[in-house]
Amino acid sequence: MQLRIPGPTPCPDEVLRAIGRQMINHRGKEFGEMTNRIIPKLKQCFQTKNEVVILSTSGTGGLESAVVNMLSPGDKVLGISIGIFGDRFAECAKVYGAEVIPLKYEWGRAVDPDDVKKALKENPGVRAVMVTHNETSTGVTNPLKEIAKVVKDADKLILVDAVSSLSSIDLPVDAWDLDVVVTGSQKGWMVPPGLAFVSISERGWKAHAEAKMPRFYFDFSRAKKFAADGQTPWTPTVPVFFGMDVALDMMLKEGLPNIFARHARVAGKARAWVKSKGLQLLSADEKFASNTVTAVKAPDDMDVARFTSTLRDEYKVVIAGGQGGMKGKVFRIGHLGLVSEKDMDEVLAAMDKALPKAKK
Ligand code: PLP
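No experiment lies behind these values; they were computed from the predicted model shown.

### Side note on the pattern of salt bridges
For the coordinates displayed, the defined rule picks out 26 salt bridges. For Lys29, the salt bridge goes to Glu33, with nearest N and O atoms at 3.2 Å. Taken together, the residues Lys29 and Glu33, both in helix 2 (residues 29-46) and 4 residues apart, mark about one turn of the helix. The exposure class assigned to Lys29 is exposed, which follows from its relative accessible area of 67%. When the shortest N-O distance is used, the salt bridge between Arg127 and Glu210 registers 3.5 Å.

Below, the structure written as structure tokens:
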């Protein structure tokens, strides 16, 4: 089976063996030693010296942790959205009582940093900017470096959803001075769902000390306190820790630049296929097309549900349809984590065969 959705992604055999191990005491020496190995390796992948906390939750829980630990009710935030996940991040802040100033783009578009500059000028009271690095619903990667520069020039906090980019697309957290960066285990990390990883800058910790939104399970102070002993405040998803210990070794052995280049090559193949079929990327400008997920506009005469079910049932290839309002109009090929050019060749060969069968 070729599982090519944008998460959960396939796990290497080494990871599958690791997660199948017997449980251990999460308050014992072995768990503490494992966490103390994982955190420095995670920091290398985040390209940061900042603290990285591990939460037992999915990506959305990581986003919620960023909101409740950084903000107070009534705080103004700029909620940038280029798709479903940007909307979700902003909604989470709104639910907790932040005043969200939306900066929304049509599906397929990337953020223009000049718009962020303008919005911050018009709204000097904004405390934080929330932005998605890689919008999984539209297959668009935002120019985060440029956005971050604008946000830092304006002296604001930046909270980043990097759930489907970090580990697969270059994201140097310290070089870009990002305050809170959230990612999830089931994406490019080659392990199952169950953990979110969150980096917090010094400025982020200061904001956290003042932030008044209610929090308990996701309280960064508790996470930090327990991390000092290689522990987590609550019972963690121990098997995913086992998997991460192994997966991180594999990633660091391959080397981050090689991982990023592999993702670029595989995504390049997917994009070339789209063009060769006379189809169109959802990404309005190929420059911003994602290296972890390719979203394709379905032509009017295409039945997306039939395409995905034919791929699954006849060719053992699982891809994703469109989300929310994009259902039936878009299909998406996930290519992150454990993916090679050979995998993509197989997927594209299957898509070649399934495409004519999806004609309405
Ligand atoms: N943000 C982005 C960019 C995502 O791709 C996802 C998951 O697909 C999420 C947030 C939410 O993560 P989860 O489904 O793990 O809660």
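Okay, back to it.
### Topic: the pairing of strand 2 (residues 51-55)
When you tally the buried positions in strand 2, you get 4 out of 5 residues, the bulk of the element. One ladder, built from 5 bridges, connects strand 2 with strand 10 (residues 196-200); its direction is antiparallel. When the sheet's bridge partners are listed, Glu51 is paired in strand 10 with Ile200.

### Quick look at the nonpolar core
Counting residues in each nonpolar core, the largest one holds 59 residues, and the members touching the most others are Leu42, Leu78, Val116, Leu178 and Trp189. Top element by residues in this core is helix 9 (residues 238-254). It accounts for 8 residues. Mapping this core onto the domain boundaries places at least three of its residues in each of domain 1 (13-253) and domain 2 (255-358). Not counting chain neighbours up to four residues away, the residues in contact with Val116 comprise Leu78, Ile80, Leu103, Val111, Ile147, Val150 and Val151. Val68, Val163, Trp205 and Ala223 belong to the second-largest nonpolar core, a separate cluster that totals 28 residues.

### Some remarks on the sheet that holds strand 15 (residues 330-334)
The 4 strands are arranged 11-12-15-14 in an open sheet whose pairing can be described as antiparallel. Of all strands in the sheet, those with a lone pairing partner are strand 11 (280-281) and strand 14 (320-321), marking the two edges. As judged from the 5 bridges shared by strand 12 (residues 293-297) and strand 15, these two strands associate in the antiparallel manner. Along strand 15, the bridge assignment pairs Ala295 with Arg332.

### Quick word on the domain arrangement of the protein chain
You can read the domains of the protein chain as domain 1 (13-253) and domain 2 (255-358). Measuring from the centre of the C-alpha atoms in domain 1 to the corresponding centre in domain 2 gives 26 Å. With 28 residues of domain 1 at the interface, the matching set in domain 2 holds 23 residues. Taken together, the two surfaces of domain 1 and domain 2 that pack against each other cover about 2100 Å², and 66% of this comes from carbon and sulfur. Contact with domain 2 buries area across many residues of domain 1, yet Trp107, Gly139 and Ser168 alone supply 22% of it, more than any other trio. Linking domain 1 with domain 2 are 0 salt bridges. Counting every contact that joins domain 1 to domain 2 gives 11 residue pairs in polar contact (both at pLDDT 80 or more). Elements with a minimum of two residues in the side of domain 1 that touches domain 2: helix 2, helix 4 (84-95), strand 7 (140-141) and helix 9. With 3 residues, helix 9 is the single largest residue contributor to the side of domain 1 that touches domain 2. A breakdown of the residues in the side of domain 1 that touches domain 2 according to their chemical character gives 11 nonpolar, 13 polar and 4 charged.

### Describing the site of the ligand
Neighbouring residues of the ligand: 14 residues in total, closest Ser58, Thr60, Thr136, Asp161 and Lys187. Contact distances for the ligand include 2.6 Å between an oxygen atom and a side-chain N or O atom of Ser58. The set of elements that each furnish at least two residues to the shell around the ligand consists of helix 3 (59-70) and helix 4.

### Considering the sheet that holds strand 4 (residues 99-104)
Spatially, 2-10-9-8-5-3-4 is the arrangement adopted by the 7 strands of the open sheet, whose pairing is mixed. Each edge of the sheet is formed by a strand with only one pairing partner; in this case those strands are strand 2 and strand 4. Strand-to-strand twist across the sheet, computed as the mean angle between neighbouring axes with direction ignored, equals 20°. Sheet analysis places strand 3 (residues 76-81) next to strand 4, joined by 6 bridges and oriented parallel.

### Brief notes about helix 10 (residues 256-276)
When the terminal C-alpha atoms of helix 10 are compared, their 30 Å separation across 21 residues agrees well with the 30 Å that a helix rising 1.5 Å per residue should span. Considered for burial, the residues of helix 10 that qualify are Leu256, Ile259, Phe260, Arg262, His263, Val266, Ala267, Ala270, Arg271, Trp273 and Val274. The buried residues of helix 10 occupy an angular sector of 170° when the element is viewed end-on, so they sit on one face. Exposed and facing more than 90 degrees away from the buried side of helix 10 are Pro257, Lys275 and Ser276. Immediately downstream of helix 10, the backbone of Gly278 shows phi near 70°, a positive value.

### What to know about unusual backbone geometry
The omega torsion of the bond from Gly7 to Pro8 falls at -5°, within 30 degrees of zero and hence cis. In this structure, Ser167 takes a positive phi of about 100° despite not being glycine. Relative to the assigned elements, Ser167 resides in the loop between strand 8 (157-161) and strand 9 (180-184). Ser167 gets classed as buried once you look at its relative accessible area, which sits at 2%. With phi around 60°, Lys316 is a residue other than glycine that occupies positive phi space. Note on placement: Lys316 falls in the loop between helix 11 (304-315) and strand 13 (317-318).

Criteria and cut-off values
- Residues numbered from 1 in each chain as written.
- Predicted model: local features only at pLDDT ≥ 70, side-chain atom pairs only at ≥ 80, totals over all residues.
- Heavy atoms only, no water.
- Salt bridge = Lys/Arg side-chain N within 4 Å of Asp/Glu carboxyl O.
- Helix = DSSP H or I, 4+ residues; strand = E, 2+ residues; numbered from the N terminus.
- Buried < 20%, exposed > 50% of the residue type's maximum accessible area, 1.4 Å probe, protein only.
- Pairing = 2+ DSSP bridges.
- Core = buried A, V, L, I, M, F, W, Y, C linked by side-chain atoms within 4.5 Å.
- Domains from an automatic or database assignment.
- Contact = heavy atoms within 4.5 Å.
- Buried area = accessible area lost by both parts, 1.4 Å probe.
- Polar contact = N/O pair within 3.5 Å; in protein donor to acceptor, adjacent residues only side chain to side chain.
- Nonpolar A, V, L, I, M, F, W, Y, C, P; charged D, E, K, R; others polar.
- Near = heavy atom within 4 Å.
- Axes fitted to C-alpha atoms, helices over the stretch in contact; angles between N-to-C directions.
- Expected span 1.5 Å × (residues − 1).
- Arc of directions from axis to C-beta.

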